[in-house]
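Examining the three-dimensional arrangement
Chain residues, written in single-letter form:
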Amino acid sequence: MRKFCLFSALLLVTCQPADDPDTVFPDVYLGQDPPGETAQLFSPGFVSTEDGELNSIFSPDYQEFYFTRRGIPTVPPRIMVSKRGPEGWGAPESVGFDQRFSAIDLFLTPDGQQMVFCSDRPRRGGDSPRADHDFWVSVREGTGWGAPQRFAPEAVSDSEDFYPIITESGNLYFNSQRGGPGTNNIFRSAWTGGRYAPAEKLPSPINSESREFDAFVSPGEDMIIFSSDRPGGVGRADIYMSRLENGHWSEPMNLGVAVNSEASEYGAMLSPDGRFLFFTSSRTGMEDIYWVSVDALGL
């Protein structure tokens, strides 16, 4: 099996590029005007459509925008990409993975050369999807992506495992339903000795008796942005932020109505320059992608 060296030269996911991307690429954010103090729908009619869209991320060089589209009858969730060319941004298209199986919750390594994502594809080949999702990795090949291989088998379970995030040290964060039906908690699997250690659930106050999921963790592992349906929120599931202080996570702060609504918000991801928070919301009755300035959030 092909070996994947993901961590030998990791760069900061949220580091500021050498040049201001707005100056280098005037239409860097798909030609959208930056949002104000409250979240705005991102690229309506082009990215955010009457289908369901979620899990969005730019490539580090701002030449590609990836997201997941789901909700189309009889079609499994699939990863889409819009590519920036001489004439602007091209219409979103599938990245080309086997569309018999789902592809969701993608993460790009900071060099943009490897994609880690979730799928229900069978572990040892075959035509039938699994009952749960595992992690897979694909390596860029030319203008496309190579055949996916299993990723971090030491960390996954026979329950649902979603939303992989890899930090500067190579540690893996994700959410899992291994606590039983209706549960969701955030886990960490340490990268040590060239492999992943068994995953451990993050302590309180990150995890609680409620559901916690879709955690973006900063490259240095000193900040976490995640979703929870814990009591006291604005809606069904809100986005929260916590910082690591003296070795302990601070009490999570609800990001408030600039982000959250009476519906559910999840899938948080910072843009490569760290200026904008992208996330998914069901506030219109369907899943769409929204964005907001981090200045409005005090991050």
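See above for the structure.
The structure reproduced in this document is the subject of the present report. The model shown is predicted, which means the values in this text are computed figures rather than measured ones. Counting restarts for each chain, with residues numbered from 1 along the sequence as it is written. At least 70 in pLDDT is required for a residue's local features to be given in this predicted model, at least 80 for side-chain atom pairs to be given and counted, and no such filter applies to totals for whole chains, interfaces and linings, which use all residues. Neither water nor hydrogens contribute to the side-chain values; these are computed over all heavy atoms in the structure.

**Some remarks on the nonpolar core**
If you look at the biggest cluster of nonpolar residues, it comprises 64 residues, and the most contacted ones within it are Tyr66 and Leu277. It only takes one pair of heavy atoms within 4.5 Å for two residues to be counted as in contact. In this structure tyrosine 66 touches Asn55, Ser56, Ile57, Ile79, Met80, Val81, Val95, Leu106, Leu108, Met115, Arg140 and Trp145, once residues within four positions along its chain are discounted. Ranked by size, the runner-up nonpolar core spans 15 residues in total, among them Val28, Phe58, Phe65 and Met80. Among the buried residues, those of types Ala, Val, Leu, Ile, Met, Phe, Trp, Tyr and Cys that are joined through side-chain atoms within 4.5 Å form a nonpolar core. Three exposure classes are used, based on accessible area relative to the maximum for each residue type with a 1.4 Å probe and protein chains only: buried under 20%, partly exposed in between, and exposed over 50%.

**With respect to empty space enclosed by the protein**
Unoccupied space between atoms shows up once a probe the size of one water molecule is rolled over them. A cavity, in this analysis, means grid points on a 1 Å lattice covering only the protein atoms where a 1.4 Å probe fits yet has no way out; a pocket is instead an open set bounded by protein on both sides within 12 Å along at least five of seven lines, and a residue lines either one if it has an atom within 4 Å of a point. Grid points are joined across faces, edges and corners, and a volume is the space filled by probe spheres set on the points. Summed over the entire model, instances satisfying the criterion amount to 2 cavities of 30 Å³ or more. Roughly 50 Å³ of internal volume is contained in the largest cavity. Lining the largest cavity are Pro76, Pro77, Arg78, Ile79, Ser94, Val95, Phe97, Asp98, Gln99, Phe101 and Ala103. Residue polarity is assigned by list, with Asp, Glu, Lys and Arg as charged and Ala, Val, Leu, Ile, Met, Phe, Trp, Tyr, Cys and Pro as nonpolar; anything else, Gly included, falls into the polar class. In terms of residue class, the lining of the largest cavity is built from 7 nonpolar, 2 polar and 2 charged. Of the pockets and cavities examined, the second largest cavity occupies roughly 30 Å³. Together, Ser56, Ile57, Phe58, Phe65, Met269, Leu270, Ser271, Pro272 and Phe278 line the second largest cavity. A per-element tally of the lining of the second largest cavity places strand β2 (residues 52-58) first, with 3 residues. Residues belonging to the lining of the second largest cavity are distributed by class as follows: 7 nonpolar, 2 polar and no charged. Put simply, DSSP H or I for four residues or longer makes a helix, DSSP E for two residues or longer makes a strand, and each gets a number counted from the N terminus.

**Regarding the packing of aromatic side chains**
Stacked, edge-to-face and tilted labels apply to pairs of Phe, Tyr and Trp rings (six-membered ring for Trp) whose centres lie within 6.5 Å, assigned for plane angles under 30 degrees, over 60, and everything in between, in that order. In the structure shown here, the tally under the stated rule is 25 aromatic pairs. Taking the centre distance of 6.0 Å and the plane angle of 20° together, the rings of phenylalanine 226 and tyrosine 240 count as stacked. Within this pair, whereas phenylalanine 226 is found in strand β19 (residues 223-228), its partner tyrosine 240 is found in strand β20 (residues 238-245), the two being separated by 14 residues in sequence. Among the residues examined, phenylalanine 226 registers a relative accessible area of 0% and is labelled buried. In textbook terms, an aromatic cluster arises when at least three aromatic residues are bridged by ring pairs, as seen for Tyr29, Phe42, Phe58, Tyr62, Phe65, Phe67, Trp89, Phe276, Phe278 and Trp291. Geometrically, a charge over a ring is one whose NZ (Lys) or CZ (Arg) sits within 6 Å of the ring centre while staying within 35 degrees of the ring normal. We note arginine 178 situated over the ring of phenylalanine 187; from NZ or CZ to the ring centre the distance is 4.7 Å.

**Focus: the sheet that holds strand β25 (residues 288-293)**
One requirement defines pairing of two strands: DSSP has to find at least two bridges between them. The antiparallel open sheet is built from 4 strands, whose spatial order is β1-β25-β24-β23. Two strands bound the open sheet, and with one partner strand each, they are β1 (40-41) and β23 (265-270). Bridge count between β23 and strand β24 (residues 276-281): 4 bridges; the pairing is antiparallel. In the strand pairing of β24, tyrosine 266 is matched with threonine 280.

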